[in-house]
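Spelled out from the first residue to the last, the chains are:
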Amino acid sequence: MSVVPQTAAVPASPRRRPPRAAQIDPAESRANVRHAGAVMVVAFVLMALFNSSGLASYARDLPAGWLADALVAGADRWHGLMVALGPAEVRPAFTEALEWIRARRW
Amino acid sequence: MLFPTLDFALFFVAVFGVAWALRAHMPAHKILLLAASYFFYGYWDWRFLALLAGSSAINYAAGHWISRTTAPRPRRRIVTAAVIVNLAILGFFKYYDFFIDSMADFLLAFGLQRDLPMFEVILPIGISFFTFQGISYVVDIHRGHVKPVASPIDLFLFISFFPQLVAGPIVRAADFLPQLAEPPRLDRTAAVYGFILILAGMLKKTVVAHYIAVDLVDPVFEDPAAAASTDLVAAHYAYAIQVYCDFSGYSDIAIGTAALLGYRFRKNFDRPFAATSMQQLWQRWHISLSTWLRDYLYRALRGARRETGWRMHRNVFLTMLLGGFWHGANWTFLIWGSILGAALVVERVVKGRYRAWRGQGAGAGWYWALLGWFVTFHTFTLAAVFFRAPELDVATAFFARLFAFEGGVSLFTPFLFALLAGSVAVQFLPGDLFERTAVRLRRAPALVLGLLFGGALVLIEFLGPEGVAPFVYFQF
């Protein structure tokens, strides 16, 4: 904790923060929000494609109910499709490679 | 609700969409963020929502009371009372059981066996952080640094805003409240910076901190007497790096999510393992707590006037000691705080004497910086053994075995070496690397950024385990 009152010059990085909100045009801000939203949508699609097993296990952990049943069925179908098409096979291959690296000894 | 989970991702996307849809209607926007923050907190345990609201209400009332009182002495009394109430709430949840246990032991030592009321108090998550923000708000009003907010919604949101609610960074009223005065606007660079921070935080928490913990630190601290010396050496470095990755990872995600909502937080970690002195380390490690302790605890100990000499050293040491005690009512935390406090004092005394002897410019060469880095890094990592050890016996067993130099290597692998060395090496990269990367990527189309962000998230998800452990600082 920097409790010592008199400090020497510290070569820490500049505490630069994003520009103040007032400096940004409202129309530009709206465009930026749409842009950020689109980035998130693309990221979600990629996660759904390559991590369908994670989606399926997430759905199975939901509290029981008709909605959870429907989500589990949908997530399982999606995962089956991803296995058939290939993206779901990437994770096991990746995990296997990682486990091999973790198991190396000196 | 933990940050690196699908629960949080769905929650955040929903809040992001609705909050920006309401941005032109500030009261509704703030109420939405407040409701989302209370939902976020209640998702862990809804029973403590009343505590969060009560703490906010006390500080709101105290702030107004202070501002309406003009005479210095009554103002001081009000702010003192508000701080005491805040600390009493924190103290009850953090130290009640420890106090009752100690009292029972003390009475038993004098042959007085008593059945004292034990509650097995559950520590509400984030209580330290929202209490510290409440204290800073009333003290800053007393000092004239901020004006009390007119709307209770502003104060309730300041204290409970979900990105920083459960483990900081500790946000100051002077930084946050002005941002509630006008509709938020999203800067492209800030948004990209937010995405980069979220990725960095996820990588640190779910990959680096996870494997360091499960493959080395946890098994070594489970039984240090049975561990090989090389594993102990590696584990003492590893724990400091684990805590850094865990906690700075949380802070990164918090700052990143706030940035995507149009709110700006200060940095909470700034490459602390590149520090070349203890003083510099604390200017880079958990910056929001370090500055909080400086402004509210050290200043309270020091009083109004500036000081030098042993009084200053005593107050620096006491601040660190109390900082250690804040982490928990355990001898290990007190020793940890004492070591770091003593290191700050010794460093200052030695540097002062050396400069008095050799002149003000002495100690400025690269070799001094290297020596300073070595001593600082090892002081911190060795002290971290006390921070991690659940009991003093475990820490003493750790050090006894560490210097026995027996047992070869059992748990420490090339993979862990790469994680540790990489974590230290990146500390020497430029401090504004993420900001500069955000500036470079700001013109990229959403599809390209989405593929980069999503691809990196997928990679982190593949590298990490299924499920995620709670963050280390949730327990404080």
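Keep in mind that what you see is a predicted model, and the values were worked out from it rather than measured.

Quick notes on the rules
Residues numbered from 1 in each chain as written. Chains lettered and ligands numbered in written order. Predicted model: local features only at pLDDT ≥ 70, side-chain atom pairs only at ≥ 80, totals over all residues. Heavy atoms only, no water. Helix = DSSP H or I, 4+ residues; strand = E, 2+ residues; numbered from the N terminus. Rg over C-alpha atoms; globule rule 2.2 N^0.38 Å. Buried < 20%, exposed > 50% of the residue type's maximum accessible area, 1.4 Å probe, protein only. Contact = heavy atoms within 4.5 Å. Lys, Arg positive; Asp, Glu negative; His and termini not counted. Charge placed at Lys NZ, Arg CZ, Asp CG, Glu CD. Patch = residues over 30% accessible without salt bridge, like charges linked within 9 Å, V, L, I, M, F, W, Y side chains within 5 Å. Areas by Shrake-Rupley, 256 points an atom, 1.4 Å probe, with all protein chains shown as cover. Salt bridge = Lys/Arg side-chain N within 4 Å of Asp/Glu carboxyl O. Expected span 1.5 Å × (residues − 1). Bend = angle between axes of the 7 residues up to and from the residue. Buried area = accessible area lost by both parts, 1.4 Å probe. Polar contact = N/O pair within 3.5 Å; in protein donor to acceptor, adjacent residues only side chain to side chain. pLDDT = per-residue confidence, 0-100. Axes fitted to C-alpha atoms, helices over the stretch in contact; angles between N-to-C directions. Parallel < 35°, antiparallel > 145°, perpendicular 65-115°, else oblique. Nonpolar A, V, L, I, M, F, W, Y, C, P; charged D, E, K, R; others polar. Phe/Tyr/Trp six-rings, centres within 6.5 Å; stacked < 30°, edge-to-face > 60°. Lys NZ or Arg CZ within 6 Å of the ring centre and 35° of its normal. 1 Å grid on protein atoms, 1.4 Å probe; cavity = no way out; pocket = protein on both sides within 12 Å on 5 of 7 lines; lining within 4 Å. Points joined across faces, edges and corners; volume = space filled by probe spheres on them. Left-handed = near helix turned anticlockwise from the far one by under 90°.

A. Representation of the overall build of chain B. In terms of regular secondary structure, chain B is built from 19 helices and zero strands. Here the C-alpha atoms of chain B give a radius of gyration of 23 Å, agreeing with the 23 Å that 2.2 N^0.38 yields for 476 residues. For chain B, the C-alpha atoms occupy an extent of roughly 65 × 65 × 60 Å along the three principal directions. Expressed as a percentage of the 476 residues in chain B, the buried residues total 56%. For chain B, restricting intrachain contacts to residue pairs at least 6 apart in sequence, the fraction spanning at least 24 positions comes to 77%. Seen as two clouds, the 40 positive and the 30 negative side-chain charges of chain B have centres 17 Å apart.

B. Broad picture of a nonpolar patch on the surface. A contiguous nonpolar surface patch, about 790 Å² in accessible area, is contributed by Trp366(B), Tyr367(B), Trp368(B), Leu370(B), Leu371(B), Phe374(B) and Val375(B). For Leu370(B), the location among the structural elements is in helix 15 (residues 366–388).

C. Layout of helix 4 (residues 72–109) of chain B. Residue and element names in this part refer to chain B. The terminal C-alpha atoms of helix 4 lie 46 Å apart, and with 38 residues this falls more than 12% below the ideal 56 Å at 1.5 Å per residue. Tyr95 marks where helix 4 bends most, by close to 65°. Positive phi shows up at Gly111, right after helix 4, with a value of about 75°.

D. Quick peek at the interface of chain A and chain B. Counting residues at the interface gives 54 residues for chain A and 76 residues for chain B. Summing both sides of the interface, chain A and chain B together bury roughly 6,200 Å²; the carbon and sulfur share of this comes to 67%. Linking chain A to chain B there are two salt bridges. With a shortest N-O distance of 2.5 Å, Asp215(B) and Arg102(A) are connected by a salt bridge. One can count 12 residue pairs in polar contact (both at pLDDT 80 or more) joining chain A with chain B. Contributions of two or more residues to the side of chain A that touches chain B are made by helix 1 (26–50), helix 2 (52–60) and helix 4 (90–103) of chain A.

E. Layout of the confidence of the model for chain A. All names here are of chain A. Per-chain confidence: chain A averages 81 in pLDDT, with 79% of residues scoring 70 or above. Per-element confidence in chain A is highest for helix 1, whose mean pLDDT is 94, and lowest for helix 2, whose mean pLDDT is 90. Confidence drops under a pLDDT of 50 for residues 1–19, and excluding neighbours within four residues, the segment shows 55 contacts in the predicted structure.

F. Structural detail: the side chain of Ser55(B). Residues and elements named next belong to chain B. Here Ser55 is to be found in helix 3 (residues 49–68). A relative accessible area of 3% places Ser55 in the buried class. When sequence neighbours within four positions are dropped, the list of residues in contact with Ser55 reads Asn86 and Phe130.

G. Layout of the packing of helix 5 (residues 127–143) of chain B against helix 6 (residues 152–160) of chain B. Residue and element names in this part refer to chain B. Following both chains from N to C, one finds helix 5 and helix 6 inclined at 135°, their axes separated by 9 Å at the closest point. In terms of orientation, helix 5 and helix 6 fall into the oblique class. Each of Phe130, Gln133, Gly134 and Tyr137 in helix 5 lies in contact with helix 6, whose residues at this interface are Leu155, Phe158 and Ile159. In terms of residue class, the contact of helix 5 with helix 6 is made up of five nonpolar, two polar and no charged.

H. The arrangement of the pattern of salt bridges in detail. Residue and element names in this part refer to chain B. Here the structure, examined in full by the defined rule, presents 16 salt bridges over all chains. One salt bridge in this structure joins Asp295 and Arg294, with 2.9 Å as the shortest N-O distance. The class for Asp295 is buried, based on a relative accessible area of 17%. For Arg294, a relative accessible area of 29% gives the class partly exposed. In this structure, a network of salt bridges that share partners links the residues Lys267, Asp270, Arg271 and Glu435.

I. Geometry of the side chain of Ser29(A). Locating Ser29(A) in the fold gives a position in helix 1. For Ser29(A), the side chain forms a polar contact with the main-chain nitrogen of Leu186(B), separated by 2.8 Å.

J. Representation of the environment of Thr396(B) in the model. Residues and elements named next belong to chain B. Relative to the helices and strands, Thr396 resides in helix 16 (residues 392–402). With a relative accessible area of 45%, Thr396 lands in the partly exposed category. Remark: the alpha-carbon pair of Thr396 and Val439, spanning 43 residues in sequence, is separated by 49 Å.

K. Up close: the packing of aromatic side chains. The final tally for this structure, using the stated rule, is 63 aromatic pairs over all chains. Measuring from centroid to centroid gives 6.1 Å for Phe48(B) and Phe93(B), while their planes differ by 80°, and the two rings are edge-to-face. Of the two residues, Phe48(B) is situated in the loop between helix 2 (26–45) and helix 3 and Phe93(B) in helix 4; the sequence distance between them amounts to 45 residues. By the burial criterion, Phe48(B) is buried, and Phe93(B) matches it. The interplanar angle of 80° and the centroid separation of 5.3 Å between the aromatic rings of Phe269(B) and Trp285(B) together place this pair among those described as edge-to-face. Of this pair, Phe269(B) sits in the loop between helix 10 (229–260) and helix 11 (278–282) while Trp285(B) is found in the loop between helix 11 and helix 12 (287–302), placing the two residues 16 residues apart along the sequence. Residue classification places Trp285(B) among the buried residues on the basis of a relative accessible area of 5%. Sitting over the face of the ring of Trp100(A), Arg104(A) holds its NZ or CZ atom 4.1 Å from the ring centroid.

L. Spotlight on the layout of surface pockets. Computed from the structure, the second largest pocket encloses a volume of approximately 1,000 Å³. Residue lining of the second largest pocket: 41 residues in total, with Met47(A), Pro4(B), Thr5(B), Leu6(B) and Glu461(B) positioned closest to the centre. For the lining of the second largest pocket, the secondary structure elements donating two or more residues are helix 1 and helix 2 of chain A together with helix 1 (6–21), helix 9 (188–222), helix 10 and helix 19 (446–463) of chain B. If one sorts the elements of the lining of the second largest pocket by residue count, helix 1 of chain B sits on top with seven residues.

M. Layout of the confidence of the model for chain B. On average, residues of chain B score 90 in pLDDT, and 98% of them are at 70 or above. Listed scores for the predicted complex are pTM 0.90 and ipTM 0.85.

N. Representation of the packing of helix 2 of chain B against helix 6 of chain B. Residue and element names in this part refer to chain B. Running from N to C, helix 2 and helix 6 point in directions that differ by 40°, and their axes come no closer than 9 Å. By the criterion of interaxial angle, the relationship of helix 2 to helix 6 is oblique. Two packed elements cross with a definite hand, and for helix 2 against helix 6 that hand is left-handed. Along the contact surface, helix 2 presents Lys30, Ile31, Leu33, Leu34, Ser37 and Tyr38, while helix 6 presents Ile153, Asp154, Phe156, Leu157 and Ser160. Class assignment of the residues belonging to the contact of helix 2 with helix 6 gives a composition of seven nonpolar, two polar and two charged.

O. Structural context of unusual backbone geometry. All names here are of chain B. A positive phi angle is found at Arg271, which is not glycine, with a value near 50°. Judged by relative accessible area, which is 15%, Arg271 ranks as buried. Its identity is not glycine, yet His286 carries a phi of approximately 40°, on the positive side. With respect to the helices, strands and loops of the structure, His286 is situated in the loop between helix 11 and helix 12.

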